[in-house]
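# Overview (structure and organization)
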Amino acid sequence: MSHPETENTLAERLGTETQRLYAQYTSDTRRRVDAIFAWLMAGQWVFAIGLALALSPYGWEGRTRTLHVHLHAALFLGGGLSLLPILLAWWHPGSVLTRHGVAVSQLLWSSLLIHLTGGRIETHFHIFGSLAFLAFYRDWRVLLTATLTIGLDHFLRGLFWPESIYGTPVPQPWRVGEHLFWVAFMDIVLFVACRAALCEVQEMAKRRAMAELAYGQLSASLTQLQATQAQLLFADRLAAMGRLAAGVGHEINNPLAYVISNINYVHRELGLLQDAASPETQHELLAAIADAQEGAERVRIIVQDLKMLAQAQDFRSLVEHDTCNGPSDLKAIVDSAVRVAAQQIRRRARLVTEFDAIPLVQGNEGRLRQVFLNLLINAAQAIPEGRVDQNEIRVVARQVAPQRVSVEVHDTGCGIPAENLEHIFDPFFTTKPPGEGTGLGLSVSHSIITAMGGAISVESDVGSGTTIRVHLPTVERSLRGAMQPSH
């Protein structure tokens with residue numbers, strides 16, 4: 001069952017996203033309708049001028065064809081009726097003012113066309129067409145504005161100039177009521193259609209919002225799954241390497257100890273017999289023995305690191321059975337590692353530490369000390385000797401979440417190229433010169449930290465330095481997790 005806060009948060013996000021999409025859809029629709037009406041206004045103006053030239057003289061002057069005063073009305077009054085909504089559509093597309101300005105102008109255009117045709121009944125259908133076009137806005141208020149406009153126009157002209165509406169100077173009294181009845185009937189139909197269209201838009205916005213939220217959750221889950229899969233594959237590689245290391249270390253360690261012991265014995269004996277051989281011979285033998293000692297020591301270090309990697313994998317198994325984890329004072333652990341590495345660090349950089357008050361962490365003190373000692377030594381080795389005052393190694397420990405603490409080790413060394421960052425925790429991968437590292441320190445550290453339920457990450461810029469962050473769970477978090485009932 002989902003947590004109530006999670007359900008409430010999802011419902012709130014769904015409602016917010018639905019309203020955003022609904023507003024976006026309606027705004028886009030109204031902008032498009034504004035543009036359509038801008039073109040329609042220009043077309044009606046041209047049509048009215050042609051109508052005044054072709055039909056108005058006959059409609060108002062009988063059979064005598066003359067340039068009637070209504071040509072000026074079509075030219076100037078029609079131009080004013082068209083110019084206002086065109087400017088509004090250009091300057092304020094999608095706004096409330098533009099919609100209602102278009103509604104008033106469009107219905108006044110209906111009145112003007114009726115007037116230019118001498119009140120012909122056919123031209124009255126322009127009113128219904130105008131209302132249908134205005135319904136594209138999906139805003140019943142616009143239809144109400146248009147209805148009030150045409151109702152006021154019919155009422156005033158019916159009183160003072162009925163011939164321009166009905167084509168006769170003495171219309172029947174019920175004509176105004178009849179016209180307004182059919183306009184109201186048309187409004188009711190369009191109101192219902194607008195409401196249905198808005199409901200469809202609302203539903204469409206909700207479905208799209210649900211799809212987008214589902215896609216976002218799916219993408220996040222997929223990303224998390226890929227990260228988990230990568231961690232599992234990496235852990236499997238480390239486990240295989242650990243098993244190999246255990247076998248190799250066991251097979252090599254004893255013969256290697258025997259070889260080193262015998263080399264040391266021969267070295268001592270040659271020192272005692274230095275008078276029995278020529279100086280050149282002694283020098284060659286001692287040089288050969290020194291090379292053998294160096295090579296054997298190198299192999300010993302590699303075997304030792306392999307054993308550490310194997311032990312790290314064994315440690316993961318112990319942690320899973322809760323036999324090697326407990327409350328640990330992270331500040332004391334880091335302090336201890338800093339003291340051990342301080343001498344090596346101070347030859348290369350200034351050491352700065354920043355420790356906030358942090359709770360106990362769930363981990364093994366010895367393993368954690370090994371991790372931070374590795375990180376500090378790596379940071380020191382990334383900085384060339386000299387110019388100590390210009391370089392810095394900063395260790396920062398703080399609490400980053402209620403049940404999470406972080407330790408950052410930052411150096412101002414040479415940095416790590418981007419193409420190497422994804423391999424930085426791979427066994428035997430190292431950017432150090434040959435003979436100066438085995439490439440197992442960070443692998444061991446990664447195994448230890450992840451076994452404790454933590455995480456370790458690296459950020460680096462070439463020429464600026466490297467930051468390694470270690471996140472560990474606090475004791476409170478682990479205890480709560482242990483007390484949760486199993487399902």
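Structure report, in brief. Quick caveat: nothing in here was measured; it's all calculated off a predicted structure.

All right, on to the overall build of the protein then. Along the backbone of the protein there are 14 helices and seven strands. A total of about 27700 Å² of accessible surface is found on the protein, and carbon and sulfur atoms cover 61% of it.

Taken together, the buried positions of helix α5 (residues 125–134) are occupied by I127, S130, L131 and L134. Along the long axis of α5, the arc covered by the buried residues comes to 100°, so they all point the same way.

Moving on, we get to the environment of D356. Tracing the backbone shows D356 in the loop between β2 (350–355) and β3 (361–363). D356 sits 41 residues away from A397 along the chain, and the two C-alpha atoms are 6.1 Å apart.

Here we come to the packing of aromatic side chains. Counted under the stated rule, the structure contains six aromatic pairs. Centroid distance F125 to F128: 6.4 Å. Interplanar angle 50°. Geometry classified as tilted. Here F125 and its partner F128 are both found in helix α5, three residues apart, which amounts to about one turn of the helix. Given the relative accessible area of 23%, F128 is considered partly exposed. Each ring, one from F133 and one from F136, has its centre 5.9 Å from the other, and the planes form 55°; the classification is tilted. A relative accessible area of 45% places F136 in the partly exposed class. Among the aromatic side chains, those forming a connected cluster through ring pairs are F181, W182 and F185. The ring of F355 has K331 sitting right over it, with the charged end atom 5.2 Å from the ring centre.

A few words on helix α10 (residues 330–346). Taking 1.5 Å per residue, 17 residues should reach 24 Å; α10 reaches 23 Å between its end C-alpha atoms and fits that length. Where α10 bends most, the angle comes to about 45°, and this point is V340. Those residues of α10 that sit buried are L330, I333, V334, S336, A337, V338, A341, A342 and I345. Between the side-chain oxygen at the start of α10 and the backbone nitrogen of K331 there is a gap of 3.2 Å, and the oxygen is on D329.

So, how was this worked out
Residues numbered from 1 in each chain as written. Predicted model: local features only at pLDDT ≥ 70, side-chain atom pairs only at ≥ 80, totals over all residues. Heavy atoms only, no water. Helix = DSSP H or I, 4+ residues; strand = E, 2+ residues; numbered from the N terminus. Areas by Shrake-Rupley, 256 points an atom, 1.4 Å probe, with all protein chains shown as cover. Buried < 20%, exposed > 50% of the residue type's maximum accessible area, 1.4 Å probe, protein only. Arc of directions from axis to C-beta. Phe/Tyr/Trp six-rings, centres within 6.5 Å; stacked < 30°, edge-to-face > 60°. Lys NZ or Arg CZ within 6 Å of the ring centre and 35° of its normal. Expected span 1.5 Å × (residues − 1). Bend = angle between axes of the 7 residues up to and from the residue. Polar contact = N/O pair within 3.5 Å; in protein donor to acceptor, adjacent residues only side chain to side chain.

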